[in-house]
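# Structural overview for review
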Amino acid sequence: MKTTKHTLVALVEDKPGVLNRIASLFRRRNFNIESIAVGQSEQSGLSRMTIVVDGDDAKIEQVRKQLDKVVEVIKIMDITDEESVARELALIKVRATPSTRGEIIQIVDIFRANIVDVAVDSLIVEVTGDEDKVDSLIELLRGFGIRELTRTGRIALTRGSAGPLLVEEPKEVKVLRQPLKPPREETESPPDW
Amino acid sequence: MKKTGAQILCECLVREGVEVIFGYPGGAVLPLYDTLPQYPQLRHVLVRHEQCAAHAADGYARATGRTGVCLATSGPGATNLVTGIANAYLDSSPMVAITGQVATPFIGKDAFQEIDITGITLPITKHNYLVLNAADMSKVVREAFYIAGAGRPGPVLIDIPRDVFQQETEFIYPERVDLPGYKPRLFGHPTQIKKAAELINGAHKPLIIAGRGVIISKAFAELRELAEKAQIPVVTTLLGIGCFPETHVLSFGWLGMHGMVYANKAVQDADVIVAIGMRFDDRATGMVSSFAPKAQIIHIDIDPAEIGKNVRVDVPIVGDVKNVLQVLNEQIIPKEHMEWLSQLEQWREEHPALTVRETECLIPQYVIRQIYEVTHGEAIVVTGVGQNQMWAAQFFFYDKPNSLISSGGLGTMGFELPGAIGAKIGRPEETVWCIAGDGGFQMTIQELATIVQEGLDIKIAIINNGYLGMVRQWQQLFYGRRYVHTRLWGPDFVKIADAYGIAALRVTDKKLVTSAIEKAMEHRGPFLIDFVVEPEECVFPIVPPGAALTQFIEMPQEDRVSSQSQQQR
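Residues numbered from 1 in each chain as written. Chains lettered and ligands numbered in written order. Predicted model: local features only at pLDDT ≥ 70, side-chain atom pairs only at ≥ 80, totals over all residues. Heavy atoms only, no water.

## Section: the layout of surface pockets
Put simply, the rule is: The method works on a 1 Å grid over the protein atoms by themselves. A cavity is a set of points holding a 1.4 Å probe that cannot get out, a pocket is an open set with protein on both sides within 12 Å along at least five of seven lines, and residues with an atom within 4 Å of a point line them. Grid points are joined across faces, edges and corners, and a volume is the space filled by probe spheres set on the points. In DSSP terms, a helix is any run of H or I states spanning at least four residues, a strand is any run of E spanning at least two, and both are numbered starting from the N terminus. Side-chain classes follow a simple rule in which Ala, Val, Leu, Ile, Met, Phe, Trp, Tyr, Cys and Pro form the nonpolar group, Asp, Glu, Lys and Arg form the charged group, and the remainder, Gly included, forms the polar group.
In this structure, the second largest pocket spans a volume of roughly 1000 Å³. Taken together, 43 residues line the second largest pocket, and the ones lying closest to its centre are K65, D68, K69 and V70 of chain A together with Y182 of chain B. Where the lining of the second largest pocket is concerned, the elements lending two or more residues are helix 1 (18–28), helix 2 (57–69) and strand 4 (73–78) of chain A together with helix 4 (76–90) of chain B. For the lining of the second largest pocket, the leading source of residues is helix 2 of chain A, giving six residues. A class-by-class count of the residues in the lining of the second largest pocket yields 18 nonpolar, seven polar and 18 charged.

In structure tokens:
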């Protein structure tokens, strides 16, 4: 069976041990996590997890169903085939001598990445984008000598006004006193990088 | 009114209808034990090892369908529960396990008898809790009982630090449980049910495989209606035994590794299989890739994750078995499958696995059959794991739900005695027979003391072959008869029983089997019979591990001297 990388998005209760429960489930069921990213969601008390997992369709279906059984998982969806935006952030500490610094900065500019720290013999590059973009930049920088590297793993949201994970409409809508900024003209979906 | 954490726990247990707690005291749970006398409606059964508290709660749950409760202290008390919790988890038995924990200031300090039991039991519970505040107690207990019993049942563990038992707080009982993340789907999808009905109505060789889900859902009448309406033969899983009367004309035994040949053949030849409340365990399916090659499979289960987990399914129906069958049955057209049923009958005649063969010596199958004859099948049989379990499942005919209680998924030797204690306490009016092997019996033998202390009228039959029989059988069949560490010296079980104050007999002669069983039945109080049987008897038929269900090994011909006088039923 063909295996592909799937993106699962889960809304989970923000309680101690939830991440442990989910990580333990993956190990126990012999599923392989490519990456997992957890953080606050739009609702207080709920976290949103983005899990990237590799496997064939049957296996992914099992993963989804098993995760759904965890009491603290409110909702889980496989958004692989949904219209979605997925991003990852990486910090790359790369060796930079006076002679290579200029070249590195050029590459960083092309990738619309940022240099967030400069030291005598190194730079820290911050890059945001999908995995391919991050991978490409890392590959390019490897030639200069990467000293340290950290990646967040994928986070993702489905496109459109209301995500399919929305649990319920908020009962109270806060009235904003400040005038709303005019919505930005979103013509096309933003380029991936 | 203010109450302590321990009082709140007890109040909640009473409100959940708990009548018995199987437990063992210790330092961390002392405040709770100190509170128990205030709640005389909570009967406490003192076991001799915490593992048996969990097994007894499990046995109680299986016999009654209610949630069993066990209680242990922190550290070793909690870890001793682990096997019993895992056993309940794999067989979907509703259980709430309560453990004490070191006082909150000591958590994480490797304090005396501290262990992270919520971490340890993470993969073997449906859910677990660490209660850090007495104010959370009532909500947690309420949720725990709900989760344990709802949907596909299972164990839930509540870990409570000693000081939380002592904290005083306002007792507010939550009227309802609100768990947005746990909402079992109880009703099947109408479209899928319609598809299933069409498949069944068009089938020529339909077959029902019924599992423990039918028992849990109490869908006996619905299952029977489905089978009788469309004349569909029924085979069960090992844990499904009793969900359909085994003496019914449409009953064709149970499938799997030691299942009946005709049941396995039926599975392999059926064109439509209705799998109800079962999970296609590897012991049931044999080699999965060759399982039911001709069949379209309808799978009804309350746990969506079971569907498509092990075998491909054509029509998945997620829902409570009883609800689903009620809707399904309305759409079933009455039918007769004469040809198919006579084919099955023919297989049954060709492969008479359930005939006890004529022998001079004492064989275990005969013992089980005689227990069946003497009790007229009116008993709850609680088995160990291994040969004794398979013979008990084969040679006793179960007509009632929950009449066979056995550790299936985990296969826990030593379950028999504590399991029987739980069953007897749950259903005191029933005769309870504990069928043990000499190996498993020695794993939890100390519970004889519990039986005496609680005055439990449990009949115990030890199938004593001086071996770890099932392992020895595998060594015989698959490891060139090299009996490595399976020869088992055992004590004099009659003297052991005597030391505990339990009446006991040893039977070595076949002619004395029936009278011994009769004597046990007449005796008021617990009774133990040590049946010293043929040491190298094997369980047949057997589908070798990893083989297809059709690749069964039957009893060698020279051993199969069956007499005409012995009826199969």
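## Overview of the packing of aromatic side chains
All names here are of chain A. Going by this rule: Geometry of aromatic contacts follows a simple scheme: Phe, Tyr and Trp rings, the Trp one being its six-membered ring, pair when their centres are within 6.5 Å, and the pair is stacked under 30 degrees between planes, edge-to-face over 60, tilted otherwise. Type-normalised accessible area, obtained with a 1.4 Å probe on protein chains alone, sets the label of each residue: buried when under 20%, exposed when over 50%, and partly exposed for intermediate values.
Considering all chains together, one arrives at 13 aromatic pairs over all chains under this definition. Each ring, one from F26 and one from F31, has its centre 6.0 Å from the other, and the planes form 80°; the classification is edge-to-face. The exposure class of F26 is buried, given its relative accessible area of 1%. On the basis of relative accessible area, F31 is assigned to the buried category, the value being 11%.

## Topic: the interface of chain B and chain A
Reports often express the size of an interface as the amount of accessible area lost when the parts come together. Quick reminder of the rule: Throughout, a residue-residue contact means that at least one pair of heavy atoms, one from each residue, lies within 4.5 Å. Here the quantity called buried area is the accessible surface, traced with a 1.4 Å probe, that two parts lose on coming together, added over both. Any carboxyl oxygen of Asp or Glu within 4 Å of a side-chain nitrogen of Lys or Arg constitutes a salt bridge here. Whenever two N or O atoms come within 3.5 Å, that pair is a polar contact, provided that in protein one can donate a hydrogen and the other can accept it, and provided that, for residues adjacent in sequence, both atoms are side-chain atoms.
Listed per partner, the contact involves 17 residues of chain B and 15 residues of chain A. The junction of chain B with chain A conceals about 1400 Å² of combined surface from both sides, 53% of it contributed by carbon and sulfur atoms. Counting the surface chain B buries against chain A, the share from its top three residues, L122, H127 and G181 of chain B, is 34%. Viewed at the interface, chain A and chain B are joined by one salt bridge. Linking chain B to chain A there are six residue pairs in polar contact (both at pLDDT 80 or more). Class assignment for the residues of the side of chain B that touches chain A results in ten nonpolar, three polar and four charged.

## Comments concerning the pattern of salt bridges
Residues and elements named next belong to chain B. Overall, the coordinates contain 42 salt bridges over all chains when judged by the stated rule. Put simply, R43 and E454 hold a salt bridge, and the shortest N to O gap is 2.9 Å. Of this pair, R43 sits in strand 3 (residues 43–46) while E454 sits in helix 19 (residues 448–454); the two residues are 411 residues apart in sequence, bridging distant segments of the chain. Assessed through its relative accessible area of 33%, R43 is described here as partly exposed. D269 serves as the salt-bridge partner of K205, at 3.0 Å between the closest nitrogen and oxygen. A residue pair is termed long-range when its members are at least 10 positions apart, and K205 in the loop between helix 8 (190–201) and strand 9 (206–210) and D269 in helix 11 (residues 261–269) qualify at 64 residues.

## Some words on helix 4 (residues 131–142) of chain A
Residue and element names in this part refer to chain A. Quick note on the threshold: Every helix has an expected span of 1.5 Å times one less than the residues it contains. Here the arc refers to the set of directions running from the helix axis out to each C-beta atom.
The end-to-end C-alpha distance of helix 4 is 16 Å, a good match for the 16 Å that twelve residues give at a rise of 1.5 Å each. Along helix 4, the residues that are buried comprise E131, K133, V134, L137, I138 and L141. The buried residues of helix 4 occupy one face: seen down the axis, they fall within an arc of 165°. Residues of helix 4 that are exposed and angled more than 90 degrees away from the buried face: D132 and E139.

## Here's the deal with the packing of helix 8 of chain B against helix 13 (residues 321–330) of chain B
A pair of packed helices is characterised by two quantities: the angle between their axes and the separation of those axes. Residues and elements named next belong to chain B. Applicable threshold: Only the stretch in contact is used when a helix axis is fitted, and all axes are lines through C-alpha atoms; the angle between N-to-C directions ranges over 0 to 180 degrees. Orientation labels follow simple angle bins: below 35 degrees gives roughly parallel, above 145 gives roughly antiparallel, 65 to 115 gives roughly perpendicular, and whatever is left gives oblique. Should the near helix be turned anticlockwise from the far one by less than a right angle, the crossing is termed left-handed; should it be turned clockwise, right-handed.
The interhelical angle for the contact between helix 8 and helix 13, taken along N-to-C directions, is 55°, at an axis separation of 9 Å. When the axis of helix 8 is compared with that of helix 13, the two are oblique. Where helix 8 crosses over helix 13, the handedness of that crossing is right-handed. Every residue of helix 13 that contacts helix 8 at I193, A196, A197 and I200 is listed here: V324, V327 and L328. Of the residues contributing to the contact of helix 8 with helix 13, the split by class is seven nonpolar, no polar and no charged.

## Describing the domain arrangement of chain A
We apply this condition: In this document the domain limits rely on a domain assignment from an automatic tool or a database.
Split by domain assignment, chain A resolves into domain 1 (4–82) and domain 2 (85–151). Its C-alpha centre places domain 1 of chain A at a distance of 30 Å from the equivalent point of domain 2 of chain A.

## Things to note about the sheet that holds strand 11 (residues 251–254) of chain B
Residue and element names in this part refer to chain B. Applied cut-off: Should DSSP find at least two bridges between two strands, the strands are regarded as paired.
Strand order in the open sheet formed by six strands is 11-10-9-12-13-14, with parallel pairing between adjacent strands. Taken across any chain shown, the strands that pair with only one partner, and hence form the sheet edges, are strand 11 and strand 14 (315–318). Averaged over all pairs of adjacent strands, the angle between strand axes in this sheet comes to 15°, irrespective of strand direction. Sheet topology note: the strand 9/strand 10 (residues 234–236) ladder contains three bridges and is parallel. Counted as the bridge partner of I209 is V235 from strand 10. Against the sheet, helix 8 makes contact with strand 12 (272–276), strand 13 (296–301) and strand 14, and its axis sits at roughly 130° relative to strand 14, the strand it touches most.

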